[in-house]
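Listed here are the chains, written in short residue letters.
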Amino acid sequence: MREYRRGVLVKDDNVERALRKFKKKIQESGLLDELRGRETYEKPTTERKRKKGAAHARWRKKLRDQQLPKKLY
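Before going into details, it helps to say that this report is about the structure given with it. (Residues numbered from 1 in each chain as written. Predicted model: local features only at pLDDT ≥ 70, side-chain atom pairs only at ≥ 80, totals over all residues. Heavy atoms only, no water.)

**Re the pattern of salt bridges**
For clarity, the threshold we go by: Here, a salt bridge means any side-chain nitrogen of Lys or Arg that lies within 4 Å of a carboxyl oxygen of Asp or Glu. Helix and strand definitions follow DSSP, with helices as H or I runs of at least four residues and strands as E runs of at least two, each counted in order from the N terminus. Any residue under 20% of the maximum accessible area for its type is buried, any over 50% is exposed, and the rest in between are partly exposed; the area is computed with a 1.4 Å probe on protein chains only.
Taken as a whole, this structure holds 4 salt bridges when the rule is applied. The partner of arginine 38 in a salt bridge is glutamate 34, with the nearest N and O atoms 3.2 Å apart. With a gap of 4 residues between them, arginine 38 and glutamate 34 both fall in helix α2 (residues 31-38), about one helical turn apart. Taking relative accessible area as the criterion, glutamate 34 reaches 21% and is therefore assigned partly exposed. In this structure, arginine 50 engages glutamate 42 in a salt bridge whose closest nitrogen and oxygen atoms are separated by 3.0 Å. With a relative accessible area of 46%, arginine 50 lands in the partly exposed category.

By themselves, these are just geometric observations and shouldn't be taken as functional.
In C-alpha cells, the structure reads:
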C-alpha cells in the first residue's frame, strides 16, 4: 500500500486557499478514486469489463482526435 503524505502550508492565516490546494493535491494523487473504488467489492470479471471498456473509450478518443476536421461548407 502506498503511503500518502500530503501537506500544505497555511500562509497569512489563509485557510481557504490552503484547503483548496490540499484538495487539488489529493485529487491529483488519485487517493479519492482509490478510496471510492475500495468502498464496495467489485468482482474480478466486472473489474476487467470496466477496465476494458475504459481502454476502448480511450482508443476511440485517440482515433477521433487524429482525424482531420470535417469540411465546413
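What follows continues from the structure just given.
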